[in-house]
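A closer look at the structure
The lines below spell out each chain.
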Amino acid sequence: MPGPLSRLRVLDLSRVLAGPWAGQLLGDLGAEVIKIERPGTGDETRSWGPPYLKDAAGHDTSEAAYYLSANRNKKSVTLDIATPEGQAIVRELAARSDILLENFKVGGLKAYGLDYEALKAVNPGLIYCSITGFGQTGPYAGRAGYDFLIQGMGGLMSITGPKDGEPGAGPQKVGVALTDILTGLYSSVAILAALAQRELTGQGQHIDMALLDVQVASLANQNANYLTTGKPPGRMGNAHPNIVPYQDFPTADGDMIVAVGNDGQFAKLCAALGRAEWAADPRFARNEARVAHRETLIPLLRQETVRRPTADWVRSLETAGVPCGPINRIDQVFADPQIIARGLKIEMPHPLAGRVPLVANPIRLSETPVEYRAPPPLLGQHTREILSGLLGMTDAAIRDLEKREIIQGAIVPSDNPKDAP
């Protein structure tokens, strides 16, 4: 069956990660996504390498791995929106679209007549999602916002990293642009909510998404810990502020994670360690007591876990019903039998490399599964297809736009005549 969003068209004017991540998710669910890119350079992430995708001979192509991670199931159209002709094309595309994604600075598209109010006039049903660092309002609205900056300003780095006073202590960012990813996910949820509302009213709306808002909201229980006590939480390394033991432990050949979520699991852990008496100790019997006495309990547990290898502990504790696991490198992740069984690595045909490896969408729908229709497009690969097929432009008109560098065809010829420059 076609994807659940197959009746929808998305006009994606965003670049880098948060907006493209939302666009890719909508594309995976079946929507047609038209990605508007600047002629000559395109999305900035196309050049964010190395590494780059390699061809069959092992040579780098022009496609950066970063770009590939967030742009499948899209059609690339190059367009200079700083020109009146480019602006007119965006308006025509918006008139034929259901959703528009953009991450320009506040007011950036108004100068081109492409802001929400202007496009609402040509398409009252348009759902217009703006993604910025700080939102459309407030004293920081005009500032540029990047994931690293927002992780710091939004509190995440104050609770990430080794505890103060320990080796390596100090603010740490998460190892992936998590704020961008979460903003893309929140944006997708907001868009789906706006679509549900449009079903009732026929009217679109403007969605104002801010990376800082998302980062603050995503602190979850750490926010609640502060709001209920007035005391800001600090960095605790891999320990949990509310649950003990719930962290990493050394083993005879490395480290492992033990994630005890209740008192029953703690008793099972103690038995597996050969220290059943700890489960009856009033300092450790209940989670509240373990939190209070964590500085006593954790060294005791570590004295036991270093006696056996990680794999041995994982087998033993899993059998006992204690949640645990290894700390895998990413190569080990993709070799894990569970990851293989769930099909998290996929491959798609690619015009430059033959095949491109990608990560599957984790959504599993029983009746309308995720579709992998097209790999991340080459720059301008679908310019002619969209202008002629969707907007009805003549070949002469398209050639004129190319001559004036308002648009650009695919920089590498493909097997599809429509895609060739």
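Above this text sits the structure in question.
All of these numbers come straight from a predicted model, not from anything done at the bench. (Residues numbered from 1 in each chain as written. Predicted model: local features only at pLDDT ≥ 70, side-chain atom pairs only at ≥ 80, totals over all residues. Heavy atoms only, no water.)

**Digging into the overall build of the protein**
Quick note on the threshold: The secondary structure listing takes helices from DSSP runs of H or I that are at least 4 residues long and strands from runs of E that are at least 2 residues long, numbered from the N terminus. A 1.4 Å probe rolled over the protein chains alone gives each residue an accessible area, and that area as a share of the maximum for its type sets the label: buried under 20%, exposed over 50%, partly exposed in between. Any two residues whose heavy atoms approach within 4.5 Å are treated as being in contact. To be clear on the numbers: accessible area is Shrake-Rupley with a 1.4 Å probe, and residue cover counts the displayed protein chains and nothing else. Neither His nor the chain ends contribute to the count of charged residues, in which Lys and Arg are positive and Asp and Glu negative. To locate a charge, take atom NZ for lysine, CZ for arginine, CG for aspartate or CD for glutamate.
Within the protein one finds 16 helices and 13 strands. With the C-alpha coordinates of the protein rotated into their principal frame, the extents come out at 85 × 50 × 40 Å. Here the protein holds 421 residues, and the buried ones make up 44% of them. By sequence separation, contacts in the protein at least 24 residues apart represent 68% of the contacts at least 6 residues apart. Only carbon and sulfur atoms are counted for the fraction: they give 56% of the accessible area of the protein, which is about 20,300 Å². Averaging the positions of the 42 positive and the 46 negative side-chain charges in the protein gives two centres separated by 2 Å.

**Quick word on the sheet that holds strand E2 (residues 32-37)**
Paired through backbone hydrogen bonds, the strands of a sheet run either parallel or antiparallel to each other. Rule in force here: Strand pairing is assigned whenever DSSP detects at least two bridges linking the two strands. Inter-axis angles, ranging from 0 to 180 degrees, are taken between N-to-C directions of lines fitted to C-alpha atoms, where helices are fitted over the stretch in contact.
One open sheet accounts for six strands, arranged E5-E2-E1-E6-E7-E8; its pairing is parallel. Two strands in the sheet have a free side with no partner beyond their single neighbour: strand E5 (75-78) and strand E8 (206-210). Taking the axes of each pair of neighbouring strands and ignoring which way they run, one obtains an average angle of 20° across the sheet. Of the pairings in the sheet, the one linking strand E1 (residues 9-12) to E2 comprises four bridges and is parallel in character. Counterpart to Arg9 in the pairing with E2 is Glu32. Against the sheet, helix H15 (residues 383-390) engages E1, E2 and E5, with an angle of about 90° to E5.

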